[in-house]
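Geometric and topological summary
Given next are the chains, with one letter for each unit.
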Amino acid sequence: MIGNLLQPELIELIRQRNFAQLREILAEFSAPDIAEIFTDLSPDDEAVLLRILPHDLAADVFEYLSVDDQEKMLHALGTEQVAQILNDLPPDDRTALLEELPAAATQKLLNLLTPAERQVAADLLGYPKNSIGRRMTPEFVAIQQSWTVAEVLDHLRRAGRDRESLNQMYVVDDKGRLVNWVRLRNVVVSELRTPVVELFEPQLVTLHASDDQETAVAAFRKYDFTVLPVIDAKDKLVGVVTVDDVLDVLEQETTEDIQKMGGMEALDAPYLRIGLTHMIKKRAGWLSVLFVSEMFTATAMGYFQGEIERAAVLALFVPLILSSGGNSGSQATSLIIRAMAVRDVALRDWLRVLKREIVTGFALGMVLALIVLMRIFLWPNREKLYTKHYALVAFSVSFSVVGVVLWGSVVGAMLPILMRRLKFDPAVCSAPFVATLVDVTGIIIYFNVAWLLLKGTLL
């Protein structure tokens, strides 16, 4: 990282209080690069560097820091600097910071805002957590449907300087309700007398402030917009959501899904920030469920204890059978959960998925069965290791592998679809959970196939 290269020099200049040279060095970098430099420094050193930056640049740099780094920075800065940064931050980024802080800290920071900014912050925090309202910004360009292009351009000169996006302007009626939108490009190239209504776009896509954030992710993915308008229950335009904020949501949702698929509850904070007690609670629940489920594997093996005693060679392949089924189930689960997340697979596709997994599972099982057959038939001293009935043992294991892999693929693919159908998050069908479920049934399949083929010989 850039900070690792500059860290010794920056720290030395801070100790020498050589602020002029520090300002010169930082002036060569953009706000994202300076934020990257800050992450390699201590909060106190970060605070020193932030103080020597111009106010506008300091706010931009603060915006690019992680929430954890932002919180540490606020503790290191004085009240005056904190107030300046918070007032200069874009409303959506400020909301993302405030909602992560304890209530007492949030209230203290709200009191540092100007009355106008405090009202904006309170309005955004008033929307439900994880809603689109928490991610939007009220800084948008709204124009009246009765205007001409000349009036729009005049409005932009007066009000467009501080707006986050000007490429898309939203047309409202006299009550503030969203009517349509126009492109800046079309406004610029049109005659000054052209009415705004003649520039309306054919497609209007809106988001509702109370909807879940995932709705915004799906809308941006589907329509390829960089900005989308947000309306309230009365169709009044209350804000806009930009694609950079949606990318943050997408990263957060993907992280939660990955954590759930790992066999645990999603963490509410970054790994190094979450408390150990909270971490244990998040992981212990699912780990206990998986542990109890694995006990059924031992129960299933106990049911076939007599067969194991008479043909101990069968026990050699139990780990192979269990891992084959568990791995195929985990593969199918991961594929289907991701396919559902990116809208490649819907509930109505369950039968197509089932057919594909039956064919795929059988083919994969045949591949593994062939490997098992070669392993046993070509192994030296096979009669000593696998008894004189090694051929029957080989076919027992290979047929079982086909059955277990086929079963694992089907269960792994169908379980996430079933969970979605029951209105649950498919990500809770974690790979470890599916593997544990397939372990129990794999034991049953294996020993029943072995009993059929080895009856009268080893059994």
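For the structure, see preceding data.
A brief structural summary. All residue numbers here refer to positions counted from 1 along the written sequence of the relevant chain. Owing to the predicted nature of the model, reporting of local features is limited to residues with pLDDT of at least 70; listing and counting of side-chain atom pairs is limited to 80 or more, with chain, interface and lining totals taken over all residues. Hydrogens and water are ignored here; the side-chain numbers use all heavy atoms of the structure.

**Section: the overall build of the protein chain**
Operational definition: The helix and strand labels rest on DSSP assignments: H or I over at least four residues marks a helix, E over at least two residues marks a strand, and numbering proceeds from the N terminus. Only the C-alpha atoms count toward the radius of gyration. The rule for a globule is 2.2 Å times the residue count to the power 0.38. The rule is simple: take the accessible area with a 1.4 Å probe, protein chains only, and divide by the maximum for that residue type; under 20% is buried, over 50% is exposed, in between is partly exposed. The contact rule is simple, with two residues in contact once any of their heavy atoms fall within 4.5 Å. Residue exposure ignores everything except the shown protein chains as possible cover, and the areas themselves are Shrake-Rupley values with a 1.4 Å probe.
The secondary structure content of the protein chain amounts to 22 helices and six strands. For 459 residues, the compact-globule estimate of 2.2 N^0.38 gives 23 Å, and the protein chain exceeds it by more than 25% at 31 Å. The principal-axis extent of the C-alpha atoms belonging to the protein chain is close to 95 × 65 × 40 Å. For the protein chain, the residues scored as buried account for 45% of the 459 residues in total. A separation threshold of at least 6 residues defines the contact pool for the protein chain, and within that pool the share at least 24 residues apart is 66%. As presented, the protein chain carries roughly 24400 Å² of accessible surface, and 58% of it is formed by carbon and sulfur atoms.

**Looking at the sheet that holds strand β2 (residues 168-172)**
Convention followed: What makes two strands pair is DSSP finding at least two bridges between them. Helix axes use the C-alpha atoms of the stretch in contact, all axes being lines fitted to C-alpha atoms, and the angles between their N-to-C directions lie in the range 0 to 180 degrees.
Spatial strand order, β1-β2-β3: three strands in an open sheet with mixed pairing. Each edge of the sheet is formed by a strand with only one pairing partner; in this case those strands are β1 (142-144) and β3 (178-183). Adjacent strand axes in the sheet meet at a mean angle of 35 degrees, parallel and antiparallel pairs treated alike. Here three bridges tie β1 to β2, and the two strands are oriented parallel to one another. In the sheet register, Gln 144 faces β2, and the bridge partner there is Val 172.

**Looking at helix α3 (residues 31-38)**
The condition that has to hold: Each direction from the helix axis to a C-beta atom contributes to the arc, which is the arc of those directions.
The set of residues buried in α3 consists of Ala 31, Ile 34, Ala 35, Ile 37 and Phe 38. Mapping the buried residues of α3 onto a view down its axis gives an arc of 155 degrees, with all of them on the same face.

**Considerations on the pairing of β3**
Here β2 pairs with β3 via five bridges, running antiparallel. Bridge pairing links Val 172 to Leu 178 in β3.

**Comments concerning the sheet that holds strand β4 (residues 207-208)**
Taken in spatial order, the three strands of this open sheet run β4-β5-β6, and their pairing is mixed. Every other strand in the sheet has two partners, leaving β4 and β6 (237-242) as the edge strands with one partner each.

**Focus on a nonpolar patch on the surface**
Rule in force here: In this analysis, a patch consists of residues with relative accessible area above 30% that form no salt bridge, clustered at 9 Å for like charges and at 5 Å for the nonpolar side chains Val, Leu, Ile, Met, Phe, Trp and Tyr. We define a salt bridge as a contact between a side-chain nitrogen of Lys or Arg and a carboxyl oxygen of Asp or Glu at a distance within 4 Å.
On the surface, Phe 291, Val 292, Met 295 and Phe 296 cluster together into a nonpolar patch covering about 430 Å² of accessible area. Within the fold, Met 295 resides in helix α16 (residues 276-303). Under the relative-accessibility criterion, Met 295 is labelled partly exposed at 44%.

**Quick word on the side chain of Asn 180**
Convention followed: Within 3.5 Å is the distance limit for a polar contact, defined as a pair of N or O atoms, with the added protein rule that one can donate a hydrogen and the other accept it, and that residues adjacent in sequence qualify only through two side-chain atoms.
As for its placement among the helices and strands, Asn 180 is situated in strand β3. You can call Asn 180 buried: its relative accessible area is 11%. From its side chain, Asn 180 meets the backbone oxygen of Glu 201 in a polar contact 3.3 Å long. Beyond its immediate stretch of four places on either side in the chain, Asn 180 contacts Tyr 170, Val 171, Phe 200, Glu 201 and Leu 204.

**A short note on the packing of helix α4 (residues 43-52) against helix α6 (residues 67-76)**
Going by this rule: Note on terminology: angles under 35 degrees are roughly parallel, angles over 145 are roughly antiparallel, angles of 65 to 115 are roughly perpendicular, and the others are oblique. Just so you know the grouping, Ala, Val, Leu, Ile, Met, Phe, Trp, Tyr, Cys and Pro go in nonpolar, Asp, Glu, Lys and Arg go in charged, and all remaining residues, Gly too, go in polar.
At a closest axis distance of 9 Å, the pairing of α4 and α6 adopts a crossing angle of 75 degrees. With respect to α6, the element α4 is oriented roughly perpendicular. Listed contacts from α6 to Pro 43, Asp 44, Glu 46, Ala 47, Leu 50 and Arg 51 of α4 are Lys 72, Met 73 and Ala 76. Its residues assigned to classes, the contact of α4 with α6 shows five nonpolar, no polar and four charged.

**Digging into the nonpolar core**
Counted only if it meets this: Each nonpolar core is a collection of buried residues, namely Ala, Val, Leu, Ile, Met, Phe, Trp, Tyr and Cys, held together in the definition by side-chain atoms within 4.5 Å.
Judged by nonpolar contacts, the single largest core of 37 residues is most densely connected at Phe 38, Leu 49, Leu 50, Leu 53, Val 61, Phe 62 and Met 73. Beyond its immediate chain neighbours, meaning those up to four positions away, Phe 62 contacts Leu 50, Gln 70, Met 73, Leu 74, Ile 85, Leu 89 and Leu 97. Judged by nonpolar contacts, the second largest core, of 29 residues, contains Ile 321, Val 397, Ile 443 and Tyr 446.

**With respect to the packing of helix α18 (residues 318-341) against helix α22 (residues 431-454)**
This is how the line gets drawn: Crossing handedness is read from the near helix: turned anticlockwise from the far helix by less than a right angle, it gives a left-handed crossing, and turned clockwise, a right-handed one.
For the pair α18 and α22, the least separation of the axes is 8 Å and the interaxial angle reads 140 degrees. Overall, the two elements α18 and α22 adopt an arrangement that is oblique. α22 is crossed by α18, and the crossing has right-handed handedness. Listed contacts from α22 to Val 318, Ile 321, Leu 322, Gly 325, Gly 326, Gly 329, Ser 330 and Thr 333 of α18 are Ala 431, Val 434, Ala 435, Val 438, Asp 439, Gly 442, Ile 443, Tyr 446 and Phe 447.

**What about the side chain of Asn 87?**
Here Asn 87 shows up in helix α7 (residues 79-88). Here the side chain of Asn 87 touches Thr 114 through a polar contact of 3.0 Å, landing on its backbone nitrogen. The contact partners of Asn 87, leaving out residues within four places of it in the chain, are Arg 94, Leu 112, Leu 113, Thr 114 and Glu 117.

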